[in-house]
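# Chain and residue survey
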Amino acid sequence: MNKTIFFIMGVSGTGKTTIGKLLAKERNIPFFDGDDYHPKENIVKMASGNPLNDADRYGWLAALNELAIKNKKTGAAIACSALKEKYRAQLRTKIEEETVFVHLKGSYIEVKSRLDSREAHFMTSALLKSQFDTLEPPTEGVIVSIMQTPEQILQEILNQLK
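Of regular secondary structure, the chain possesses seven helices and five strands. Overall, the chain shows an N-to-C arrangement of helices and strands of β-α-β-α-α-β-α-β-α-α-β-α. Here the chain has a C-alpha radius of gyration of 15 Å; the compact-globule value for 162 residues is 15 Å, and the two agree. Looking at the chain as a whole, 44% of its 162 residues qualify as buried. Excluding contacts between residues fewer than 6 apart, the proportion of contacts in the chain whose partners are at least 24 apart in sequence is 73%. Just so you have it, the chain exposes about 8400 Å², and 52% of that area is on carbon and sulfur atoms. If the 22 positive side-chain charges of the chain are averaged to one point and the 20 negative ones to another, these points end up 2 Å apart.

A few words now on the packing of aromatic side chains. Across all of its chains, the model carries two aromatic pairs by this definition. Ring centres of Phe7 and Phe101 lie 5.1 Å apart, and the angle between their planes is 20 degrees; on these two criteria the pair is classed as stacked. Here the residue Phe7 occupies a position in strand 1 (residues 5–9), and Phe101 occupies one in strand 4 (residues 99–105), the gap between them amounting to 94 residues. Each member of the pair, Phe7 as well as Phe101, is classed as buried.

Glancing now at the nonpolar core. Among the nonpolar cores identified, the biggest contains 40 residues, and Phe6, Phe7, Ile78, Leu91, Val102, Leu104 and Ile157 are the most heavily contacted of them. If we ignore the near neighbours within four places in the chain, the residues touching Val102 are Phe6, Phe7, Ile8, Met9, Val142 and Ile157.

In this section: the pairing of strand 5 (residues 142–145). By the alternation rule, side chains of strand 5 split into Val142 and Val144, which are all buried, and Ile143 and Ser145, of which none is buried. Bridge count for strand 4 against strand 5 is four bridges, and the pairing is parallel. Across the sheet, Val102 pairs through a bridge with Val142, a residue of strand 5.

Once that is clear, we can look at the sheet that holds strand 5. With parallel pairing, five strands are arranged side by side in an open sheet as 2-3-1-4-5. The open sheet has two edge strands with one neighbour each: strand 2 (31–33) and strand 5. Sheet twist, expressed as the average angle between the axes of neighbouring strands with direction ignored, equals 20 degrees. As defined by bridge partners, strand 1 adjoins strand 3 (residues 76–79) across four bridges and the pair is classed as parallel.

So, about helix 3 (residues 54–70). A rise of 1.5 Å per residue sets the reference length of helix 3, with its 17 residues, at 24 Å; its end C-alpha atoms lie 24 Å apart and thus fit the reference within 8%. Packing partners of the buried residues in helix 3 comprise strand 1, strand 2, helix 2 (40–47), strand 3 and helix 4 (85–91).

So, on to the pairing of strand 4. Taken across its seven residues, strand 4 has six buried, putting it largely inside the fold. When strand 1 meets strand 4, the two strands line up parallel, connected through five bridges. Paired with Ile8 across the strands is Val102, a residue of strand 4.

Tallying each qualifying case throughout the model produces eight salt bridges. Linking Lys84 and Asp54 is a salt bridge whose minimum nitrogen-to-oxygen distance equals 3.0 Å. Within this pair, whereas Lys84 is found in the loop between strand 3 and helix 4, its partner Asp54 is found in helix 3, the two being separated by 30 residues in sequence. Judged by its relative accessible area of 18%, Lys84 is buried. Among the residues examined, Asp54 registers a relative accessible area of 26% and is labelled partly exposed. As a salt-bridge pair, Lys129 and Asp133 come within 2.8 Å of each other at their nearest N and O atoms. Pair noted here: Lys129 and Asp133 are both in helix 6 (residues 128–134), with a separation of four residues, about one helical turn. On the basis of relative accessible area, Asp133 is assigned to the exposed category, the value being 54%.

Our focus in this paragraph is the side chain of His38. Residue position: His38 is located in the loop between strand 2 and helix 2. Side-chain polar atoms of His38 contact the side chain of Asn42, separated by 3.2 Å.

What counts and what doesn't
- Residues numbered from 1 in each chain as written.
- Predicted model: local features only at pLDDT ≥ 70, side-chain atom pairs only at ≥ 80, totals over all residues.
- Heavy atoms only, no water.
- Helix = DSSP H or I, 4+ residues; strand = E, 2+ residues; numbered from the N terminus.
- Rg over C-alpha atoms; globule rule 2.2 N^0.38 Å.
- Buried < 20%, exposed > 50% of the residue type's maximum accessible area, 1.4 Å probe, protein only.
- Contact = heavy atoms within 4.5 Å.
- Areas by Shrake-Rupley, 256 points an atom, 1.4 Å probe, with all protein chains shown as cover.
- Lys, Arg positive; Asp, Glu negative; His and termini not counted.
- Charge placed at Lys NZ, Arg CZ, Asp CG, Glu CD.
- Phe/Tyr/Trp six-rings, centres within 6.5 Å; stacked < 30°, edge-to-face > 60°.
- Core = buried A, V, L, I, M, F, W, Y, C linked by side-chain atoms within 4.5 Å.
- Pairing = 2+ DSSP bridges.
- Axes fitted to C-alpha atoms, helices over the stretch in contact; angles between N-to-C directions.
- Expected span 1.5 Å × (residues − 1).
- Salt bridge = Lys/Arg side-chain N within 4 Å of Asp/Glu carboxyl O.
- Polar contact = N/O pair within 3.5 Å; in protein donor to acceptor, adjacent residues only side chain to side chain.

Below, the structure is given as structure tokens:
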């Protein structure tokens, strides 16, 4: 029997890694940070202040889909932005029934303040507007506000999954 693959999504700075790790621990499943699967060219492009386009993301999303497929027997929590519906469709390829998207939702001002205080990350607040401009919020799945503690966010996710 297959288990759930959770894609923890949202713009950079919403806490995808933090919440993904908490959810993975709660569900006793592995956690994967989608940033670790970006090709070097993507990281260099973002670090230089240029947003990724659809073509840049294609290989990255394919790698994350392969990762999800490999983990569908155990389940997994995968943190990735998944900003557009077509990206989410690519991530669900061959595992549609086993996926749940958890959208961490925050305002531009709140997320920008988080990014501005974050150190040593290739994604800076300079690219945040491009992410908000690209974001197509999901209409299905779990949607939670980032204006809570990580523990409260986790509890809200678990409540919505019931």
